[in-house]
Amino acid sequence: MHSDFFTRDPVDCARDLVGCEFVWKGCSGKIVETEAYRTVGDEACHTFFRPAVRDFVARCAPGDAYVYLNYGVHWLFNIVVKGKGGDGFVLLRALEPVAGLEEMRQRRGGISDKLLTAGPGRLTQALGIGRGDHGLSFLETEGCAIVPGKPSELVSGPRIGISKAKDLPWRFGDRDSGYLSRKF
DNA sequence: GCCAGGATGTTA
DNA sequence: AACATCCTGGCG
């Protein structure tokens, strides 16, 4: 998948990524859950209160990685969207493991496969994503790709873990996946 | 199965 | 102070 996939509406990008395969340096998983954030008018988006993140978006290209540390503990992986109608992010929230299972199990300390990548912090740990990947144009990076695909049943609902703009239905998922971070 | 609490770094 | 989370331990 090419970076111009991310020159559209952030909410459309988040919806259309569900069912695609996220390939990352020897490991991969089917994307079963995402969330959309908009840089303008969305109080839950980091750009709303943080000038440094606004600067980051201004400098980088669509399809680049926005990686940040959350709760001082977990790295979360987002993809930068720069659409005609507005910029934003897609947060990857859950994967269904496809390849590189042994490596992911090791990184996750031997936890059960159900919990390997079922959450935004869990999937980055499984894939070995961290601080060094912030700003990476990963779609043009060796060993990284997004392979188009479709979910069996697309559903949406409110985003998880936020205190502002909590009613927008910008969380998307594959309804019957056993690897969601939470049920819809 | 559910809930409470703690770990922890960065920002404004 | 707040935070786009995860894990553990205590219940029963």
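Above: the structure in question.
These lines cover the structure that appears in this document, whether it is placed above or below. The structure displayed is predicted, hence computed values, not measured ones. (Residues numbered from 1 in each chain as written. Chains lettered and ligands numbered in written order. Predicted model: local features only at pLDDT ≥ 70, side-chain atom pairs only at ≥ 80, totals over all residues. Heavy atoms only, no water.)

With respect to the helices and strands, the residue S177 is situated in the segment after β8 (171-174). Look at S177 and you get buried, because its relative accessible area is 14%. Ignoring any residue separated from it by four or fewer positions in sequence, one finds S177 in contact with V32 and E96. (Helix = DSSP H or I, 4+ residues; strand = E, 2+ residues; numbered from the N terminus. Buried < 20%, exposed > 50% of the residue type's maximum accessible area, 1.4 Å probe, protein only. Contact = heavy atoms within 4.5 Å.)

Of all the positions in helix α1 (residues 10-17), only P10, V11, C13, A14 and L17 are classed as buried. For α1, the buried positions fall inside an angular range of 160 degrees around the axis, keeping them on one side. Buried residues along α1 sit against β2 (27-38), β4 (74-83), β5 (86-99), β6 (144-147) and β8. The backbone nitrogen of V11 lies 2.8 Å from a side-chain oxygen of the residue at the head of α1, namely D9. (Arc of directions from axis to C-beta. Polar contact = N/O pair within 3.5 Å; in protein donor to acceptor, adjacent residues only side chain to side chain.)

This part covers the pairing of β2. Of all 12 residues in β2, 10 are buried, a share of seventy percent or more. Here four bridges tie strand β1 (residues 21-24) to β2, and the two strands are oriented antiparallel to one another. The residue of β2 that forms the bridge with F22 is G29. Hairpin connection between β1 and β2: a loop of two residues separates the two successive antiparallel strands, and K25 in this loop has a positive phi of roughly 50 degrees. In this sheet, β5 lies alongside β2 in antiparallel orientation, the contact comprising 10 bridges. Within β5, the position partnered with R38 by the bridge is G88. (Pairing = 2+ DSSP bridges.)

Before going further, it helps to examine the protein's contact with DNA strand C. The full set close to DNA strand C counts 22 residues, and N78, R108, G121, R122 and S163 are the nearest of them. A distance of 3.0 Å separates a sugar or linking oxygen of DNA strand C from a polar side-chain atom of N70. In this structure, a phosphate oxygen belonging to DNA strand C sits 2.7 Å away from a side-chain N or O atom of R122. Elements with a contribution of two residues or more to the surface near DNA strand C: β3 (65-70), β4, β5 and α4 (120-127). Split into classes, the residues belonging to the surface near DNA strand C amount to 11 nonpolar, eight polar and three charged. (Near = heavy atom within 4 Å. Nonpolar A, V, L, I, M, F, W, Y, C, P; charged D, E, K, R; others polar.)

The tally for this structure, following the rule as stated, stands at 12 salt bridges. D113 is paired through a salt bridge with R105; the nearest N and O atoms lie 2.8 Å apart. D113 sits in the partly exposed class, given a relative accessible area of 29%. Through salt bridges with shared partners, a single network forms among E33, E35, R93 and R171. (Salt bridge = Lys/Arg side-chain N within 4 Å of Asp/Glu carboxyl O.)

Moving on, we get to unusual backbone geometry. Outside of glycine, negative phi angles account for most residues, and trans bonds account for most peptide bonds. Despite not being glycine, Y71 has its phi angle at roughly 55 degrees, a positive value. Along the chain, the position of Y71 falls in the loop between β3 and β4. Residue Y71 is classed as exposed on the basis of its relative accessible area of 71%. Look at A165: it is not a glycine, yet its phi comes out positive at around 50 degrees. The residue A165 is located in the loop between β7 (154-157) and β8 in this model. With relative accessibility at 26%, the residue A165 sits in the partly exposed group.

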